[in-house]
Amino acid sequence: MRWSVLGWRLASFAVAAGIIALWQLAANQRLISPVFLPGPDRAWASLMRGFTSGDLLTKLMGTLTHMAYGWLLASIAGVALGAMIGSSKAMRIYVAPTLELLRPLPVSAIIPVAIAALGLSQGMALFVIAFGSLWPMLLGTVHGFAAVEPRLYEVARVLHMSRLAVIFKIALPSAAPDILAGMRLSLTVALILAVVCEMLAGLDGLGQWVLLSARSFRSADLFAGVMLLGVIGYVTALAMGAAESRLLRWQAARR
Amino acid sequence: MILPERIKPALLPLAALLIFEIWMRLADVQSDSLAPPSAIALALAGALTDGSLLAATRDTLAAAFAGLALGGAIGLVLGIALGLSHVFDRLMEVTIEAIRPIPSVALLPIALIALGFGYRMEIAIVSFACVWPVLIMTRAAVGGIEPRLIEVARVLRLSQLDRVRKIVIPAALPRIFLAFRLAAGIALIVAVTVEIAINPLGLGAGIMTAQQALRPDLMLAYLVWIGVTGFALNAALMAAQKTLFGRAAAIGDQA
């Protein structure tokens, strides 16, 4: 069984390699103008050159920093606010409908407002990323708190637990799957908004790198940047998935 | 004080608007980013009557739906193929996992140099973003079809095309519709984001122009309108899902 999984995986890699070879062939034959489509060899060379000269590395770190700060800020605020709203019935009645009303708003629409208030600055990017990533976590936490098994709350009442103890010992652990699902969604949102903010405000990051490369028709640099953004998306999702299965192991065992 | 249940959810937004209005009037705030709600309402009414807002909405929705149709069709075809054929699914795994995490806005510069400003590049980016949710959910829906239905198809000696048309699509339809509903939300978000970032078209460009013209009332009116559009789109699709599929869709929602 184990071997067949490995075999399929290898075959799957072979298919991906075949597609890259086709891409190389198309680029070599100049089926599409090299201005738009560099071959994988040129994109790879550009990636390596960017890393050795350190240019691309600073841009990569810039994007990661924007993402991380905004996302962490949103995580703390989202879970804290969500716990506050979710743990009180009155708050759920009065506040939650407003949140549901705001949920379908495309968060990127807040960017012009943030630019008007904060200018084309680091602070603007941080605010936009945090604001955008806040929603999935906030709504996830509220939903998770509302869905806690009611008997657990009864147990807490019998044990005379304080509200804080109820939140930390009962509600947060049982809402963890919803919260973590929100966090994973926010990670994607944070990456997208980081890229957009870097493009608009010219902040040091991969968003600015790909846009400037496109403006000066350096397509190899452009593809290197896009590939790197894909890698960020992949690695962060992978890390989040690993964290999720680790944090929820106790629940999986219970089921 | 006892309030009727229906009023409670509306209380918070109304109070917030009122306090905001009074504060703006009393403190006589002059700002590039804020405007009293009454001024926003006036700007919204003005933009609605002169038709500029509706024209922008049409542009944005046209690009979003064209992208949804194109990306959704690609996702649907690939999703059915991957769901039906285990071999194809496993062979494509690495390729799909490598392309999927690329954030849609990262493709913006590529689309820009390849297609220029306008509808085409926006549609290309929206369709890239829409492929994935449809593909993933269709694959899961087709893979989860009752195996006996497939056996029936085999007994009836249906051709591959008839099998897809008469058995697979009807059986997976509720969840495919759900996938399209989620993708429609994504399409609107991506369309607005692309317009804000770079494309001089539609609602996103409208809100950016209002910001640059230092018209906070108009900018916030656009923000409200984008929220209304998102909300209306979501509500319409939810209602369609309920009337078309009823309980079947509810089951799909949980999965």
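Before reading on, note that the structure itself is shown above.
Residues numbered from 1 in each chain as written. Chains lettered and ligands numbered in written order. Predicted model: local features only at pLDDT ≥ 70, side-chain atom pairs only at ≥ 80, totals over all residues. Heavy atoms only, no water.

J.: Just to check I follow, could you spell out the overall build of chain B for this structure?
T.: In terms of regular secondary structure, chain B is built from 11 helices and zero strands. N-terminal to C-terminal, the α/β element order of chain B is α-α-α-α-α-α-α-α-α-α-α. Each principal axis of the C-alpha distribution contributes one length, and for chain B these read about 75 × 60 × 30 Å. Every one of the 255 residues in chain B was classed for burial, and the buried ones make up 47%. Here the analysis covers contacts within chain B between residues at least 6 apart in sequence; of these, 74% occur between residues at least 24 apart. Surface summary for chain B: the accessible area is close to 12,700 Å², and the carbon and sulfur share equals 69%. The distance from the centre of the 19 positive side-chain charges to the centre of the 16 negative ones in chain B is 13 Å. (Helix = DSSP H or I, 4+ residues; strand = E, 2+ residues; numbered from the N terminus. Buried < 20%, exposed > 50% of the residue type's maximum accessible area, 1.4 Å probe, protein only. Contact = heavy atoms within 4.5 Å. Areas by Shrake-Rupley, 256 points an atom, 1.4 Å probe, with all protein chains shown as cover. Lys, Arg positive; Asp, Glu negative; His and termini not counted. Charge placed at Lys NZ, Arg CZ, Asp CG, Glu CD.)

J.: It is not clear to me how the packing of helix H3 (residues 52–84) of chain B against helix H6 (residues 119–143) of chain B should be interpreted in this structure. Could you clarify?
T.: Between two packed helices, what matters for the description is the angle formed by their axes and the separation of those axes. All names here are of chain B. Interaxial distance between H3 and H6 falls to 5 Å at its minimum, and their mutual angle equals 35 degrees. The interaxial crossing formed by H3 with H6 has right-handed handedness. Here the contact of H3 with H6 is built from residues that sort into 19 nonpolar, nine polar and three charged. (Axes fitted to C-alpha atoms, helices over the stretch in contact; angles between N-to-C directions. Left-handed = near helix turned anticlockwise from the far one by under 90°. Nonpolar A, V, L, I, M, F, W, Y, C, P; charged D, E, K, R; others polar.)

J.: Even after reading the chapter, I still don't get helix H4 (residues 86–99) of chain B, so can you show me in this structure?
T.: One full turn of an α-helix is made of 3.6 residues, so residues set three or four places apart face in the same direction. Residue and element names in this part refer to chain B. For H4, with 14 residues, the first-to-last C-alpha span of 20 Å sits near the 20 Å given by 1.5 Å per residue. At Glu93, H4 shows its maximal bend, which comes to roughly 50 degrees. Among all positions in H4, only Asp89, Met92, Val94, Thr95 and Ile96 are buried. (Expected span 1.5 Å × (residues − 1). Bend = angle between axes of the 7 residues up to and from the residue.)

J.: Which parts of the structure should I look at to understand the packing of helix H10 (residues 206–215) of chain A against helix H11 (residues 219–247) of chain A?
T.: All names here are of chain A. Orientation of H10 relative to H11, taken along the N-to-C sense of each, is 155 degrees, at an axis distance of 8 Å. On the basis of their axis angle, the class for H10 and H11 is roughly antiparallel. Handedness of the H10/H11 crossing: left-handed. When H10 is examined against H11, the residues Leu206, Trp209, Val210, Ser213 and Ala214 are found in contact with a partner set consisting of Asp221, Leu222, Gly225, Val226, Leu228, Leu229 and Ile232. (Parallel < 35°, antiparallel > 145°, perpendicular 65-115°, else oblique.)

J.: Sorry, what's going on with the interface of chain B and chain A here?
T.: How big an interface is tends to be reported as the loss of accessible area on association of its parts. Facing the 46 residues of chain B at the interface are 46 residues of chain A. With both chains or domains summed, chain B and chain A bury close to 4,100 Å², and 80% of this area falls on carbon and sulfur atoms. In terms of surface lost to chain A, no three residues of chain B exceed Arg90(B), Val94(B) and Ile113(B), which account for 15% of the buried area on that side. Where chain B packs against chain A, one counts one salt bridge. A salt bridge links Glu93(B) to Arg9(A); its shortest N-O distance comes to 2.8 Å. If you list the elements that add at least two residues to the side of chain B that touches chain A, you get helix H1 (8–27), H4, helix H5 (108–115), helix H8 (160–197), helix H9 (202–212) and helix H10 (216–245) of chain B. Its residues placed into classes, the side of chain B that touches chain A shows 33 nonpolar, eight polar and five charged. (Buried area = accessible area lost by both parts, 1.4 Å probe. Salt bridge = Lys/Arg side-chain N within 4 Å of Asp/Glu carboxyl O.)

J.: Please explain H1(B) as it appears in this structure.
T.: Compared with the 28 Å implied by 1.5 Å per residue over 20 residues, the 29 Å span of H1(B) between its first and last C-alpha is a close match. Where H1(B) is concerned, the buried positions are Lys8(B), Glu21(B) and Met24(B).

J.: What am I meant to see in unusual backbone geometry here?
T.: For residues that are not glycine, phi is negative in most cases, and the peptide bond is trans in most cases. The phi dihedral of His160(A) is positive, around 55 degrees, even though this residue is not glycine. Inspection of the secondary structure puts His160(A) in the loop between helix H8 (150–158) and helix H9 (163–201). Of note, the phi angle at Leu214(B) is positive, near 55 degrees, even though the residue is not glycine. Mapped onto the secondary structure, Leu214(B) falls in the loop between H9 and H10.

J.: Could you clarify how one ought to interpret the pattern of salt bridges in this entry?
T.: Close approach of charged atoms allows side chains of opposite charge to pair. Residues and elements named next belong to chain A. Applying the stated rule across the entire model yields 14 salt bridges over all chains. A salt bridge links Arg184 to Glu244, with the nearest nitrogen and oxygen atoms 3.3 Å apart. Here Arg184 is found in helix H9, whereas its partner Glu244 is found in helix H11, with 60 residues between them in sequence. Three or more residues are tied together by salt bridges with common partners; here these are Arg49, Arg218 and Asp221.

J.: Can you walk me through the packing of aromatic side chains in this structure?
T.: In this description, an aromatic ring pair is defined by two values, namely the gap between the centres and the angle between the planes. All names here are of chain B. Enumeration according to the criterion identifies six aromatic pairs over all chains in this entry. The interplanar angle of 25 degrees and the centroid separation of 6.3 Å between the aromatic rings of Phe20 and Trp23 together place this pair among those described as stacked. Highlighted residues: Phe20 and Trp23, both in helix H1, separated by three residues, approximately one helical turn. On the basis of relative accessible area, Phe20 is assigned to the partly exposed category, the value being 25%. (Phe/Tyr/Trp six-rings, centres within 6.5 Å; stacked < 30°, edge-to-face > 60°.)

J.: Can you walk me through the environment of Asp221(A) in this structure?
T.: Residues and elements named next belong to chain A. Structurally, Asp221 can be placed in helix H11. By relative accessible area, Asp221 is classed as buried at 11%. Between the C-alpha atoms of Asp221 and Trp44, which are 177 residues apart in sequence, the distance is 9.0 Å. Excluding its chain neighbours within four sequence positions, the residues that come into contact with Asp221 are Ser46, Arg49, Trp209 and Ser213. A polar side-chain atom of Asp221 sits 2.3 Å from a polar atom in the side chain of Ser46. (Polar contact = N/O pair within 3.5 Å; in protein donor to acceptor, adjacent residues only side chain to side chain.)

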